[in-house]
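Reading the structure
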Amino acid sequence: GDLASTLNNTTREFDVHMGTDGGNFACQKCHTTEKHGIAGMYLHSTNEGRVECTDCHDGAVHESNTLNSHTARIACVTCHIPSFSRAMPTKTEWYWADAGQNISPIPTDEFGKPLYDKKKGTFVWGKFVEPELLWSNGKWTKTAIGVNDQWTSLPAVLAAPVGSIDDPNSKIYPFKKMVGNQPADMNNQTILVPHLFGTGSGANPYWGKFDWNLALADGATYAGQTYTGAYEFIPTEMYLSINHEIAPKEQARSCSDCHDGGIDF
């Protein structure tokens, strides 16, 4: 949601670091490398370093001590990314249950983006999307095959930051909330892995035969899941971290955006 092709040649209005009239940074300015390891998020397969605003900026960067004190519990990006996908729309909802229909012509939205794909279902797009603000201590809860792939409540949350207001290691960060629905086993409440394309993992890819039952049976066998032969589409949510499209300081959140009922701490 916070990375788009337009950032290759953008202005300070859309990102103060990458804008040609701003910092005009290349990606590697922040995402430093060592032996082909690229620093960035803290969820990479190896610990290659996490990029923080304070790598370059002093934590007491504001003229106001009140604002500087906020950085103890609020990440810089929380105030400095009041919205994302400001230049190009981003997909915010995705409903697999609608896939498989022959619809012509394909409807589009106000941004000219397709609202349907036979292979993938229906979508909702957005621009100037306001992030969800959540507490995060740098750890995540994520759904993993064969570990915790059975849902216990709905909507099933597939990925979310760990943290709380009572956790001294947590700060408020911005996230993109992605909602939709996905196939699950109706009897054992397992979120299933469908076989979508190719024949390496079975003879019945969904994008070839458009038969969910066959595609889910293939996928379950390949992924080592148990599929009872009955499926349903369950509502799902996941949260994605937002770190780019840093707005100019004059566009940052104001006090009233958060206080006086602006957000629920």
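Reference entry: report on the structure contained in this document. (Residues numbered from 1 in each chain as written. Predicted model: local features only at pLDDT ≥ 70, side-chain atom pairs only at ≥ 80, totals over all residues. Heavy atoms only, no water.)

**Looking at the overall build of the protein chain**
Across its full length, the protein chain holds five helices and 10 strands. Across its three principal directions, the C-alpha atoms of the protein chain cover 60 × 45 × 45 Å. A buried classification covers 35% of the 265 residues belonging to the protein chain. Considering only contacts in the protein chain between residues 6 or more positions apart, those separated by 24 or more positions represent 68%. Accessible surface computed for the protein chain: about 15100 Å², of which carbon and sulfur atoms make up 52%. (Helix = DSSP H or I, 4+ residues; strand = E, 2+ residues; numbered from the N terminus. Buried < 20%, exposed > 50% of the residue type's maximum accessible area, 1.4 Å probe, protein only. Contact = heavy atoms within 4.5 Å. Areas by Shrake-Rupley, 256 points an atom, 1.4 Å probe, with all protein chains shown as cover.)

**So, helix H4 (residues 212–223)**
Given a rise of 1.5 Å per residue, 12 residues ought to cover 16 Å, and the 16 Å separating the end C-alpha atoms of H4 matches this to within 8%. Burial in H4 covers these residues: Trp-212, Ala-215, Leu-216, Asp-218, Gly-219 and Ala-220. Contact partners of the buried residues in H4: strand S9 (171–185), helix H3 (206–209) and strand S10 (231–241). Of the residues that open H4, the one with a side-chain oxygen 3.0 Å from the backbone nitrogen of Asn-213 is Asp-211. In the segment just after H4, Gly-224 is the residue with positive phi, at about 80 degrees. (Expected span 1.5 Å × (residues − 1). Polar contact = N/O pair within 3.5 Å; in protein donor to acceptor, adjacent residues only side chain to side chain.)

**Considering the pattern of salt bridges**
It is possible for side chains of opposite charge to pair when their charged atoms get near one another. All chains considered together, the criterion is met by five salt bridges. Residue Glu-250 pairs with Arg-12 through a salt bridge whose shortest N-O separation is 3.2 Å. With Glu-250 in the loop between S10 and helix H5 (255–258) and Arg-12 in the segment before strand S1 (33–34), this residue pair connects regions lying 238 residues apart in the sequence. A residue is classified by how much of its surface remains accessible, and Arg-12, at 30% relative accessible area, is partly exposed. Across the pair Lys-177 and Glu-237 runs a salt bridge whose closest N-O atoms are separated by 3.5 Å. (Salt bridge = Lys/Arg side-chain N within 4 Å of Asp/Glu carboxyl O.)

**Considerations on the nonpolar core**
Ranked by internal contacts, the top residues of the largest apolar core, which has 14 residues, are Val-77, Ile-81, Phe-84, Tyr-173, Phe-175 and Ile-246. Contributions of two or more residues to this core are made by strand S8 (156–161) and S9. Once residues lying within four places of it in the same chain are set aside, the contact partners of Ile-81 are Pro-131, Ile-242, Asn-243, His-244, Glu-245, Ile-246 and Arg-253. Grouped together as the second largest cluster of nonpolar side chains are 10 residues, Leu-196, Tyr-206, Leu-216 and Tyr-227 included. (Core = buried A, V, L, I, M, F, W, Y, C linked by side-chain atoms within 4.5 Å.)

**With respect to the packing of aromatic side chains**
For any two aromatic rings, the description comes down to two numbers: the centre-to-centre distance and the angle of the planes. Scanning the model with the defined rule gives 10 aromatic pairs in all. Relative to Trp-212, the ring of Trp-96 has its centre 6.2 Å away and its plane inclined at 75 degrees; by these criteria the two rings are edge-to-face. Here Trp-96, found in the loop between strand S3 (90–95) and strand S4 (116–117), pairs with Trp-212, found in helix H4; they are 116 residues apart in sequence, far enough to count as distant. Just as Trp-96 is buried, Trp-212 falls in that class too. In this structure an aromatic cluster arises from ring pairing among Trp-94, Trp-96, Phe-123, Trp-125, Tyr-206, Phe-210, Trp-212, Tyr-231 and Phe-233. Over the face of the ring belonging to Trp-94 we find Lys-91, whose NZ or CZ atom lies 4.3 Å from the ring centre. A cation over an aromatic ring shows up here: Lys-118 above the ring of Phe-210, its NZ or CZ 4.3 Å from the ring centre. (Phe/Tyr/Trp six-rings, centres within 6.5 Å; stacked < 30°, edge-to-face > 60°. Lys NZ or Arg CZ within 6 Å of the ring centre and 35° of its normal.)

**A look at the side chain of Asp-2**
Note on placement: Asp-2 falls in the segment before S1. Here Asp-2 sits buried without a salt bridge, and the closest side chain of opposite charge, Lys-176, lies 8.2 Å off (N-O distance). A distance of 2.6 Å separates a polar atom in the side chain of Asp-2 from the backbone nitrogen of Asn-243. In this structure, Asp-2 is in contact with Leu-7, Phe-84, Ser-241, Ile-242, Asn-243, His-244 and Glu-245, ignoring residues within four places of it in sequence. (Lys, Arg positive; Asp, Glu negative; His and termini not counted.)

**Looking at the environment of Asp-55**
Note that Asp-55 resides in the loop between strand S2 (37–38) and helix H1 (65–70). For Asp-55, a relative accessible area of 52% corresponds to the exposed category. A polar side-chain atom of Asp-55 sits 2.9 Å from the main-chain amide nitrogen of Glu-52.

**Brief notes about unusual backbone geometry**
Note the cis peptide between Ser-104 and Pro-105, where omega equals -5 degrees. Pro-155 follows Leu-154 through a cis peptide bond whose omega is 0 degrees. Mapped onto the elements, Pro-155 comes out in the loop between strand S7 (140–142) and S8. For Ser-85, which is not a glycine, the phi torsion comes out positive at approximately 55 degrees. Inspection of the secondary structure assignment puts Ser-85 in the loop between helix H2 (76–80) and S3. Phi is positive for Gln-189, which is not a glycine, with a value near 55 degrees.

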